[in-house]
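# Structural overview
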Amino acid sequence: MSRYRGGIGQWSWMFHRITGVGVLVFLCLHILDTFLIVLGPEHYNAIIAWYRHPVFRVSEVGLFACVLYHSLNGVRIILFEAWTGLVRWHRQMFYVQMAIFAVCMLPVTYLMLRPVFGR
Amino acid sequence: MAHVRLKIQRFNPEMDSAPQWREYTVEAEPTDRVLDALHAVKWHHDGSLAFRRSCAHGVCGSDAMMINGKNRLACKLLIKDLKQPIVVEPMRGFAVVKDLIVDQTKFFEKYRSVKPYLIAEEPPPATERLQSPKQQERFEDTTKCILCGACTTSCPSFWANGEYVGPAAIVQAHRFLFDSRDQGAEERLEVLNKASGVWRCRTIFNCTDACPRGINVTKAIVEVQNLLVAHAKQGSTTDAAQ
Ligand code: HEM
Ligand code: SF4
Ligand code: FES
């Protein structure tokens, strides 16, 4: 069996699911680590301190990218429902969506990583 | 004439435990279609190759198959437009009967489940059931379907769950749901609103890309979804096509 060579729609959906599940997993973990407060502030602080580690700070950019992609792509799908005529332009809309994605990611990445690596 | 290389997935359930790939080189014109190359294999190299075809001109919908990773009609694809070896597989998601022939029993069951025929309660008028060109335009696109199955078997939602009614049946339902003469909306929407119905669509567009008739399948599916929402809001039996 070989791979089905779907187009942009297949890829955008794959990323939508990966980012959706990814964000969901993070959300669950985050509920768990916040829950550590019931064990006492020292445990809570110890775990939450991890978030300040550079690896986590870089991962947070990834998390932001996931949420941003998922929201933009989700809005694109919702627009099809509101105006079904747009379905014909789904590829073009995806390109616009990714342009918006890039425009948002550039400054956000800079702002999020500057405190980690910069002065 | 030129050499054309093909790589075909073969499976004979009476002899093979698993499908296997076989390669063939045949003589064909670059302007011939993949179907011609398959004929060349069957007629001059290996008579045991099994595939469906009838009209050979993109009308009957018999010869949808996966060609170079995409669902296509073998009779509509020109050899010169394809990378070689041309990789030919049966449509995905159906049981393989033999080689490129798949079992479409469930496909046609689902087709019938959406009642793809005119349902009109009133007695027929003395002359035709009149319809304006504008009313006809509403479902013109979905009248073009030839039930080849390329859309349904290109859909990841269908691969994941064979119970999904699938794009082809939704296209057929759309053709009648949006027909101003039809009054079967209630019965059809009941089928399409099930867990196996239109809500399994994930807007992946493989169906639209695969349709050899150029039907905007995704649009038809979204329109049926919207119709269901409108019906749920009204909670009434008003005719869909109005
Ligand atoms: C602005 C916020 C969001 C928007 C606009 C949005 C939109 C959507 C839409 C429209 C779908 C359906 C996709 C389809 O049927 O093709 C979807 C699926 C999904 N969303 Fe979101 N979503 C948002 C936030 C989130 C968040 C925060 C999470 C995780 C906690 C999440 C997890 C998921 C998952 C797991 C799916 C299923 C993916 C699939 O079926 O392929 N979403 N989202
Ligand atoms: S909608 Fe297109 S791809 Fe699907 S069965 Fe009909 S003709 Fe084939
Ligand atoms: S053989 Fe009839 S559609 Fe190709």
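Residues numbered from 1 in each chain as written. Chains lettered and ligands numbered in written order. Predicted model: local features only at pLDDT ≥ 70, side-chain atom pairs only at ≥ 80, totals over all residues. Heavy atoms only, no water.

To continue, consider the site of ligand 2. Not every one of the 13 residues close to ligand 2 is listed here, only the nearest: C145, C148, G149, C151 and C211 of chain B. Classifying every residue of the shell around ligand 2 gives 11 nonpolar, one polar and one charged. (Near = heavy atom within 4 Å. Nonpolar A, V, L, I, M, F, W, Y, C, P; charged D, E, K, R; others polar.)

The sole protein-derived ligand of the iron atom of ligand 1 is H70 of chain A (NE2), positioned 2.0 Å away. Within the secondary structure, H70 of chain A is located in helix α3 (residues 54-82). (Donors = N, O, S within 2.8 Å, 3.2 Å for Na, K, Ca; no water. Helix = DSSP H or I, 4+ residues; strand = E, 2+ residues; numbered from the N terminus.)

All names here are of chain B. With an omega dihedral of 0°, the bond running from Q84 to P85 counts as a cis peptide bond. Positive phi values are uncommon outside glycine, yet D99 reaches one of about 45°. For D99, a relative accessible area of 1% gives the class buried. Backbone geometry at T203 places phi at a positive 55°, although glycine is not the residue there. Structurally, the position occupied by T203 is in the loop between α6 (185-192) and α7 (206-210). (Buried < 20%, exposed > 50% of the residue type's maximum accessible area, 1.4 Å probe, protein only.)

This part covers the interface of chain A and chain B. Counting residues at the interface gives 20 residues for chain A, matched by 25 residues for chain B. Between chain A and chain B, the buried area comes to about 2000 Å², and carbon and sulfur atoms account for 56% of it. Ranking the residues of chain A by area buried against chain B places Y4, R5 and W13 of chain A at the top, with a combined share of 34%. Linking chain A with chain B are one salt bridge. The partner of D209 of chain B in a salt bridge is R91 of chain A, with the nearest N and O atoms 2.9 Å apart. Taken together, the connections running from chain A to chain B amount to nine residue pairs in polar contact (both at pLDDT 80 or more). For the side of chain A that touches chain B, the elements supplying multiple residues, two or more each, are α1 (8-35), α3 and α4 (90-117) of chain A. (Contact = heavy atoms within 4.5 Å. Buried area = accessible area lost by both parts, 1.4 Å probe. Salt bridge = Lys/Arg side-chain N within 4 Å of Asp/Glu carboxyl O. Polar contact = N/O pair within 3.5 Å; in protein donor to acceptor, adjacent residues only side chain to side chain.)

A separate point is the domain arrangement of chain B. Residues and elements named next belong to chain B. When its domains are assigned, chain B resolves into domain 1 (2-102) and domain 2 (105-241). One C-alpha centre belongs to domain 1, the other to domain 2, and the line joining them spans 30 Å. Summing the contributions of domain 1 and of domain 2, the shared interface buries around 1000 Å²; its carbon and sulfur component is 60%. Counting the surface domain 1 buries against domain 2, the share from its top three residues, N71, R92 and F94, is 43%. Here the side of domain 1 that touches domain 2 gets three residues from one element, more than from any other, and that element is strand β4 (residues 70-73). Looking at the side of domain 1 that touches domain 2, its residues break down into six nonpolar, four polar and three charged. (Domains from an automatic or database assignment.)

Residues in contact with ligand 1 amount to 14 residues; listed here are only the nearest, W13, H16, R17 and H70 of chain A together with R202 of chain B. Residue W13 of chain A places a side-chain N or O atom 3.3 Å away from an oxygen atom belonging to ligand 1. Taking R202 of chain B, its side chain carries an N or O atom lying 3.0 Å from an oxygen atom of ligand 1. Every element with two or more residues in the shell around ligand 1 is listed here: α1 and α3 of chain A. Here the residues of the shell around ligand 1 are counted per class, giving six nonpolar, six polar and two charged.

To characterise two packed helices, one gives the angle between the axes of the helices and the distance between these axes. Residues and elements named next belong to chain B. Two elements in contact, helix α5 (residues 166-177) and α6, have axes whose closest approach is 10 Å; the angle formed by their N-to-C orientations is 155°. With respect to their mutual orientation, α5 and α6 come out roughly antiparallel. Where α5 crosses over α6, the two elements pack in a sense that is left-handed. Of the residues in α6, those in contact with I170, A173, F176 and L177 of α5 are A185, R188, L189 and L192. Considered class by class, the residues forming the contact of α5 with α6 number seven nonpolar, no polar and one charged. (Axes fitted to C-alpha atoms, helices over the stretch in contact; angles between N-to-C directions. Parallel < 35°, antiparallel > 145°, perpendicular 65-115°, else oblique. Left-handed = near helix turned anticlockwise from the far one by under 90°.)

This paragraph deals with the packing of aromatic side chains. Evaluated as defined, the whole model comprises 10 aromatic pairs over all chains. When the ring of Y51 of chain A is compared with that of F56 of chain A, the centres are 5.5 Å apart and the planes differ by 75°; the resulting orientation is edge-to-face. Members of the aromatic cluster, connected to one another through ring pairs, are F94, F107, F108, Y111 and F158 of chain B. The ring centre of W21 of chain B lies 4.9 Å from the NZ or CZ of K7 of chain B, which sits over that ring. Sitting over the ring of W159 of chain B, R92 of chain B keeps its end group 6.0 Å from the ring centre. (Phe/Tyr/Trp six-rings, centres within 6.5 Å; stacked < 30°, edge-to-face > 60°. Lys NZ or Arg CZ within 6 Å of the ring centre and 35° of its normal.)

So, about the pairing of strand β3 (residues 64-67) of chain B. All names here are of chain B. Side chains A64 and M66 of β3 all project onto a buried face; the interleaved residues M65 and I67 project onto the opposite face, where all are buried too. Pairing between β3 and β4: four bridges, direction antiparallel. If you follow M66 over to β4, its bridge partner there is N71. Two successive antiparallel strands, β3 and β4, enclose a turn made up of two residues, where N68 displays a positive phi of approximately 45°. Note: β3 against strand β5 (residues 86-89), two bridges, orientation antiparallel. (Pairing = 2+ DSSP bridges.)

Another point: the confidence of the model for chain A. In regions of low pLDDT, the predicted coordinates are not meant to be interpreted in detail. Here chain A averages 93 in pLDDT, and 98% of its residues register 70 or above. No element of chain A has a lower mean pLDDT than helix α2 (residues 41-49) of chain A, at 87, and none a higher one than α3 of chain A, at 96. (pLDDT = per-residue confidence, 0-100.)

Attention now goes to helix α2 (residues 105-113) of chain B. All names here are of chain B. Taken together, the buried positions of α2 are occupied by F107, K110 and Y111. End-on, the buried residues of α2 take up no more than an arc of 105°, which puts them together on one face. In the core, the buried residues of α2 are packed alongside α4 (156-160) and α5. K115, located one to two residues past α2, shows a positive phi value of around 55°. (Arc of directions from axis to C-beta.)

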